[in-house]
Amino acid sequence: MWCTAYSFEQVNTGLERLHVPKWNLRDSGAERLFRAVYTNRSLLHLDLSSNRIGRDGAAIIAQYLGTNPQLLTLNLQANRIEDDGAAAIAQQVMMENHTLQRLSVQHNELSDRGLCALAQCLRSNTSLHYLLVWGNQFGPGACEAFAKLLADGASRFSGCGVDGNVGVDVAAYYVDEKPQVCHVHLADRTGLAHTRDTVKV
């Protein structure tokens with residue numbers, strides 16, 4: 001089924017999957033898309049990867065996360081949400097949204113502030129099972145935040161989700177007693193790598 005974002009609400013209010021990668025939506029397109037899907041309460045999986053969405057668009061997405069209690073998967077890979085966008089999304093996931101299970105913000109020009117906000121939200125949110133953050137700028141603060149998260153025996157992410165039920169796509173190691181991170185491939189089991197049976201817009 002093909003439709004435009006602007007007629008989406010009228011076409012299908014029961015849509016569960018929306019797959020729109022590489023549509024060059026940018027912030028203005030993201031705003032119009034979310035205006036159209038705002039009243040949809042059945043949307044479970046949303047792929048907005050590679051759309052040049054910036055921090056303003058991420059703020060709109062964060063607002064949507066606070067109003068849509070059903071969304072399970074959000075793929076924002078290869079956008080430009082930066083630290084402000086990541087912090088806005090992390091705040092919603094930590095305070096308002098308790099259903100999102102899978103989130104990808106890989107390759108989004110994040111640095112320590114945004115990455116630390118995401119690591120912190122994992123400590124209080126119990127629904128988020130998979131977080132993909134590789135491809136961003138891990139400085140000392142972000143490396144330490146994720147190293148502590150993965151080493152904390154009380155954390156669901158201790159051991160990087162080796163039980164297959166939870167996971168972060170980075171693992172920690174130490175060089176001269178300073179934490180570093182490396183990539184761990186989780187995409188196949190998160191469902192964030194390939195979204196099938198989707199509606200293209």
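In what follows, the accompanying structure is described. Only a predicted model underlies this, so the values are computations on that prediction, with no experimental measurement involved.

### Focus on helix α6 (residues 140–151)
Between its first and last C-alpha atoms α6 spans 16 Å; for 12 residues at 1.5 Å apiece the expected length is 16 Å, and the two agree. For α6, the full list of buried residues reads Ala142, Cys143, Ala145, Phe146, Ala147, Leu149 and Leu150.

### Examining the packing of aromatic side chains
The full count for this structure, using the stated rule, is three aromatic pairs. Where Phe138 meets Phe146, the ring centres are 5.7 Å apart and the plane angle is 65 degrees; that geometry is what we call edge-to-face. Cluster of aromatic residues (ring-pair linked, three or more members): Trp134, Phe138 and Phe146. Residue placement shows Arg41 over the ring face of Tyr38; its charged tip is 5.7 Å from the ring centre.

### Details of the packing of helix α4 (residues 82–95) against helix α5 (residues 112–124)
Packed helix pairs are characterised by how far apart their axes lie and by the angle those axes make with each other. Between α4 and α5, whose axes approach to 8 Å, the crossing angle comes to 10 degrees. When the axes of α4 and α5 are compared, the pair comes out roughly parallel. Judged by residue contacts, Asp83, Asp84, Ala86, Ala87, Ala90, Val93 and Met94 of α4 engage Arg113, Gly114, Ala117, Leu118, Gln120, Cys121 and Ser124 from α5. Across the contact of α4 with α5, the residue classes break down as eight nonpolar, three polar and three charged.

Scoring rules and cut-offs
Residues numbered from 1 in each chain as written. Predicted model: local features only at pLDDT ≥ 70, side-chain atom pairs only at ≥ 80, totals over all residues. Heavy atoms only, no water. Helix = DSSP H or I, 4+ residues; strand = E, 2+ residues; numbered from the N terminus. Expected span 1.5 Å × (residues − 1). Buried < 20%, exposed > 50% of the residue type's maximum accessible area, 1.4 Å probe, protein only. Phe/Tyr/Trp six-rings, centres within 6.5 Å; stacked < 30°, edge-to-face > 60°. Lys NZ or Arg CZ within 6 Å of the ring centre and 35° of its normal. Axes fitted to C-alpha atoms, helices over the stretch in contact; angles between N-to-C directions. Parallel < 35°, antiparallel > 145°, perpendicular 65-115°, else oblique. Contact = heavy atoms within 4.5 Å. Nonpolar A, V, L, I, M, F, W, Y, C, P; charged D, E, K, R; others polar.

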